[in-house]
Amino acid sequence: MDKHSPKDKFRRKAISVAEAQAKILPLVGRTEAEYVPLYEAQGRILAEQITAPHPYPHFRRSGMDGFAILSSDTADCSADHPVLLEVVDEIACGALPRVPLAPGKVARIMTGAKVPDEADAVVMFEMTETVTQHGKVFIRLIREIEKGKNITNVGLELAAGDPILAPGRNIGPGEISVLATFGVHRVPVMKRPRIAIFSTGSELLSIEEPLQDGRIRNSNTYMLASQIKEAGGEPYILEAIKDDLVTAQRRVQEAFDEYDMLVTTGGVSVGDFDIMADLVSDGDLEMLFNKVMMRPGSVTTAAVMDGKLLFALSGNPGACFVGFELFVRPAIGGMLGVPQPFLTEITAELGRPYRKINSFTRYVRGRLEVREGKLFAYPAELDESNVMITIKDSDGLIVIPPSTEGREPGELVTVLRLPGCLL
Ligand SMILES: Nc1nc2c(c(=O)[nH]1)N[C@H]1C(S)=C(S)[C@@H](COP(=O)(O)OP(=O)(O)OC[C@H]3O[C@@H](n4cnc5c(N)ncnc54)[C@H](O)[C@@H]3O)O[C@H]1N2
Ligand code: MOO
Ligand SMILES: [Mg+2]
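The protein is annotated in an unreviewed UniProt entry as Molybdopterin molybdenumtransferase of Paenibacillus puldeungensis. According to UniProt, the comment filed for the protein under the heading Catalytic activity (unreviewed entry) is "adenylyl-molybdopterin + molybdate = Mo-molybdopterin + AMP + H(+)". Heading Function (unreviewed entry) of the UniProt record for the protein holds this comment: "Catalyzes the insertion of molybdate into adenylated molybdopterin with the concomitant release of AMP."

Visitor: Tell me about the site of ligand 1, residues and numbers included.
Guide: Near ligand 1 lie 20 residues; those nearest to it are Glu203, Asn218, Gly267, Ser269 and Gly315. Here an oxygen atom of ligand 1 and a backbone polar atom of Val268 are 3.0 Å apart. Relative to its free-state accessible area of 870 Å², ligand 1 is covered by the protein chains to the extent of 68%. Along the lines of polarity and charge, the residues of the shell around ligand 1 split into five nonpolar, twelve polar and three charged.

Visitor: How would you sum up the sheet that holds strand S18 (residues 286-289)? Please name residues and give values.
Guide: Strands sit in the order S16-S13-S17-S21-S20-S18 across an open sheet of six strands; the sheet is mixed. Two strands bound the open sheet, and with one partner strand each, they are strand S16 (234-237) and S18. Strand-to-strand, the axes of this sheet are offset by a mean angle of 25°, without reference to chain direction. Summarising the sheet, strand S13 (residues 194-199) and strand S17 (residues 261-265) pair through five bridges and their orientation is parallel. Within the sheet, the bridge partner assigned to Ser199 lies in S17 and is Thr265. The strands touched by helix H1 (residues 17-24) within the sheet are S18 and strand S21 (308-313), with S18 carrying the most contacts at an inclination of about 145°.

Visitor: Can you tell me about the pattern of salt bridges, naming the residues and giving the values?
Guide: If you walk through the whole model with that rule in mind, you get 20 salt bridges. Its salt-bridge partner being Glu32, residue Lys191 comes within 3.3 Å of it at the nearest N-O pair. Of this pair, Lys191 sits in the loop between strand S12 (186-190) and S13 while Glu32 is found in the loop between H1 and strand S1 (33-37), placing the two residues 159 residues apart along the sequence. A residue is classified by how much of its surface remains accessible, and Lys191, at 33% relative accessible area, is partly exposed. Given a relative accessible area of 53%, Glu32 falls into the exposed group. The partner of Glu234 in a salt bridge is Arg192, with the nearest N and O atoms 3.8 Å apart. Residue Glu234 is located in strand S16, and its partner Arg192 is located in the loop between S12 and S13; the two are separated by 42 residues in the primary sequence.

Visitor: Before we move on, could you go through the coordination of the magnesium ion (ligand 3) and cite the residues and values that matter?
Guide: Within the protein, the atoms that donate to the magnesium ion (ligand 3) are Asp274 (OD) and Asp274 (OD), at distances of 2.3 to 2.4 Å. Tracing the backbone through its elements, the reader meets Asp274 in the loop between S17 and helix H5 (275-279).

Visitor: Describe the environment of Ile237, listing the residues and the values that go with them.
Guide: Mapped onto the fold, Ile237 is located in strand S16. The class for Ile237 is partly exposed, based on a relative accessible area of 43%. Sequence-wise, Ile237 and Leu224 are 13 residues apart; in three dimensions their C-alpha atoms are separated by 9.4 Å. Excluding residues that lie within four positions of it along the chain, Ile237 makes contacts with Ile197, Thr221, Tyr222 and Ala225.

Visitor: Talk me through the side chain of Glu175; I want residue IDs and the actual numbers.
Guide: Its location among the elements puts Glu175 in helix H2 (residues 173-181). Among the polar contacts made by the side chain of Glu175, one reaches the side chain of Arg169 at a distance of 2.8 Å. In this structure the side chain of Glu175 is engaged in a polar contact, spanning 2.9 Å, whose partner is the backbone nitrogen of Gly172. Not counting residues within four places of it along the chain, the set of residues in contact with Glu175 comprises Leu165, Arg169 and Asn170.

Calculation rules
Residues numbered from 1 in each chain as written. Chains lettered and ligands numbered in written order. Predicted model: local features only at pLDDT ≥ 70, side-chain atom pairs only at ≥ 80, totals over all residues. Heavy atoms only, no water. UniProt positions renumbered as here; feature names shortened; annotations may be inferred. Near = heavy atom within 4 Å. Polar contact = N/O pair within 3.5 Å; in protein donor to acceptor, adjacent residues only side chain to side chain. Areas by Shrake-Rupley, 256 points an atom, 1.4 Å probe, with all protein chains shown as cover. Nonpolar A, V, L, I, M, F, W, Y, C, P; charged D, E, K, R; others polar. Pairing = 2+ DSSP bridges. Helix = DSSP H or I, 4+ residues; strand = E, 2+ residues; numbered from the N terminus. Axes fitted to C-alpha atoms, helices over the stretch in contact; angles between N-to-C directions. Contact = heavy atoms within 4.5 Å. Salt bridge = Lys/Arg side-chain N within 4 Å of Asp/Glu carboxyl O. Buried < 20%, exposed > 50% of the residue type's maximum accessible area, 1.4 Å probe, protein only. Donors = N, O, S within 2.8 Å, 3.2 Å for Na, K, Ca; no water.

Dropping the structure here:
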């Protein structure tokens, strides 16, 4: 083909980010469920509703080390009118009461042990004095103890049948605690989508190779693999696609047979060797969009084949990163059944001026900072599409709508919070 002839890649219709996202989501299929041991469930997405199989706690539990008593025994008890109660049982944690309590009798009990049915309060050791009389052990109380004191009732946290965790929930320490409590030792989680990564471009060196003039190391592949993992997918780094369209088509077809989704980086603009642009408008692929009204990442392209998505992201590192966050991450989240797969929107005050003017919405990487209870967003000094270095310092993408003037400090901006943000 004549390299300089006008091709489809020059005739692109830009659509908005929201339109592009809306084209993708209906095409996202769900992955299946699989069972993993509880200790491997962290960071996975729950596949099924978890319901409490029993109340929690399932027995009346002492909240203190002390004595299980009948509160009525302490009515009118005071320093002037102390009461002596006989200790007739000792209940360790995990053991059961052996002696039924009657008025005037108490059981020594440990934190977490089952409270005898007859008792309705636990008094902590520190509020008692032990007295021995005629070979019997008593406690002396000088204070009234209210009914229910230091007892956790059955089902205080959850009743049997209560819904606990909904499908789509990310499993972290709190969820692990609940699952362990209810004996869910094999956890139903969504299978991680298997996602193939292709880089393109003859300038790319492997990360093991020494530097050469005019060439750069392939950083996007590793960045994408990391983003895929963070989003809940399983990345597969495939051998780079070279400039030959026919070979590239075959490689893409093979990858579609094997993987759930394809992500490529580079070769998506209008350059002579920008092969992805031709590839997505060819053969069995249905192109969804090849231009988005955004910066960086305006050339972000998506296509579908047999219900599987291909994202052709820009080769420029900043654009590749943003393209992933706005389109690939939600697609992976959708496959996992995450209820809200998009980056969370928050509002912050612009911390310094942003003077660039633009006809497309800009997604500017930036830092977030809390000062005197207010959230500030600082756009990175270097935020061009081809800049790599500030990606690592970004808490979010500051959304700057098209404007002919810049933005001033103090103006409110929407920020899409990145997952690594600690604020
Ligand atoms: N005449 C025009 N030129 C360009 C346009 C345009 O509209 N008209 N768009 C510009 C925009 S915007 C972007 S973004 C880039 C997109 O470029 P490509 O997606 O085609 O990417 P490449 O040409 O392959 O590479 C661009 C740049 O990125 C580096 N790169 C590529 N792959 C990697 C990788 N795996 N790791 C690290 N860096 C990578 C590559 O070396 C180039 O420097 O096009 C503009 N041009
Ligand atoms: O597609 Mo480019 O990243 O807009 O600069
Ligand atoms: Mg190019």
